[in-house]
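Residue strings, one per chain:
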Amino acid sequence: MNGEGNLINFIGSATPDPVSSGNVTIKYQNNVSMNLTLSIYDQLGNEVMRPIDNIPHGAGAWQVACDVSKFASGTYTYRLSGSNIVKGQMVTSGQFVVQR
């Protein structure tokens, strides 16, 4: 964990990038216990997937594999948000490309 005050962050970029078929893996970490939500948005800003929906996470490193085999080619934004009763709301985001 980075100790720089970021309570949630991604561990590297989503892999593989670009995605040609199958799954994309997103790795993330949180420095305190909190509820986390991970959402994926298309280029128009529409939420197309929510693999993690307000799930409690203890402090630690995590990863999730998302099946994007039915996604159209394009750039997608993934957004991790967390809430903690003491620290409040936190958000971070990244992008990956689906290329068919």
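Calculation rules
- Residues numbered from 1 in each chain as written.
- Predicted model: local features only at pLDDT ≥ 70, side-chain atom pairs only at ≥ 80, totals over all residues.
- Heavy atoms only, no water.
- Helix = DSSP H or I, 4+ residues; strand = E, 2+ residues; numbered from the N terminus.
- Buried < 20%, exposed > 50% of the residue type's maximum accessible area, 1.4 Å probe, protein only.
- Contact = heavy atoms within 4.5 Å.
- Polar contact = N/O pair within 3.5 Å; in protein donor to acceptor, adjacent residues only side chain to side chain.
- Pairing = 2+ DSSP bridges.
- Axes fitted to C-alpha atoms, helices over the stretch in contact; angles between N-to-C directions.
- Salt bridge = Lys/Arg side-chain N within 4 Å of Asp/Glu carboxyl O.
- Core = buried A, V, L, I, M, F, W, Y, C linked by side-chain atoms within 4.5 Å.

Engineer: Is there a simple way to think about the environment of N35 in this case?
Structural biologist: Considering the arrangement of structural elements, one finds N35 in strand β3 (residues 34-41). Residue N35 is classed as partly exposed on the basis of its relative accessible area of 28%. Between the C-alpha atom of N35 and that of N54, which follows or precedes it by 19 residues, the distance is 5.2 Å. In contact with N35, other than residues within four places in its own chain, are N54, I55, P56, S81, G82 and S83. Among the polar contacts made by the side chain of N35, one reaches the side chain of N54 at a distance of 3.5 Å.

Engineer: Where do I start with the pairing of strand β7 (residues 88-98) in this structure?
Structural biologist: Each regular strand carries side chains that alternate between the two faces of the sheet. Examined bridge by bridge, strand β6 (residues 74-84) and β7 share 11 bridges and lie antiparallel to one another. In the sheet register, S81 faces β7, and the bridge partner there is V91. Between β6 and β7, which follow one another and run antiparallel, lie three residues.

Engineer: Explain the sheet that holds strand β5 (residues 60-67) to me, please; I cannot follow it from the model alone.
Structural biologist: Remark on secondary structure: sheet strands pair via backbone hydrogen bonds, oriented parallel or antiparallel. With antiparallel pairing, the three strands of this open sheet are ordered in space as β1-β2-β5. Whereas interior strands pair on both sides, the edge strands pair on one side only; in this sheet they are β1 (8-10) and β5. Averaged over all adjacent pairs, the angle separating strand axes in this sheet is 25°, with direction ignored. As paired elements, β1 and strand β2 (residues 23-30) share three bridges and run antiparallel to each other.

Engineer: Explain the pattern of salt bridges to me, please; I cannot follow it from the model alone.
Structural biologist: Oppositely charged side chains can pair when the atoms bearing their charge come close. Applying the stated rule across the entire model yields two salt bridges. A network of salt bridges, in which partner residues are shared, links E47, R50 and D53.

Engineer: Can you help me understand the pairing of strand β4 (residues 47-57) in this one?
Structural biologist: In this structure, β3 lies alongside β4, joined through six bridges in antiparallel fashion. For Y41, the partnering residue across the bridge sits in β4 and is E47. Two successive antiparallel strands, β3 and β4, enclose a turn made up of five residues, where G45 displays a positive phi of approximately 90°.

Engineer: Looking at this structure, I do not really get the nonpolar core. What am I missing?
Structural biologist: Most often, soluble globular proteins keep nonpolar side chains buried together rather than apart. Formed by 24 residues in total, the largest nonpolar core has its most connected members in I26, L38, I40, C66, V68, Y78 and F96. Those elements that place two or more of their residues in this core are β1, β2, β3, β4, β5, β6 and β7. Ranked by the residues each element gives to this core, the list is headed by β3, at four residues. Excluding its chain neighbours within four sequence positions, the residues that come into contact with C66 are G22, N23, V24, I26, I40, M49 and P51.

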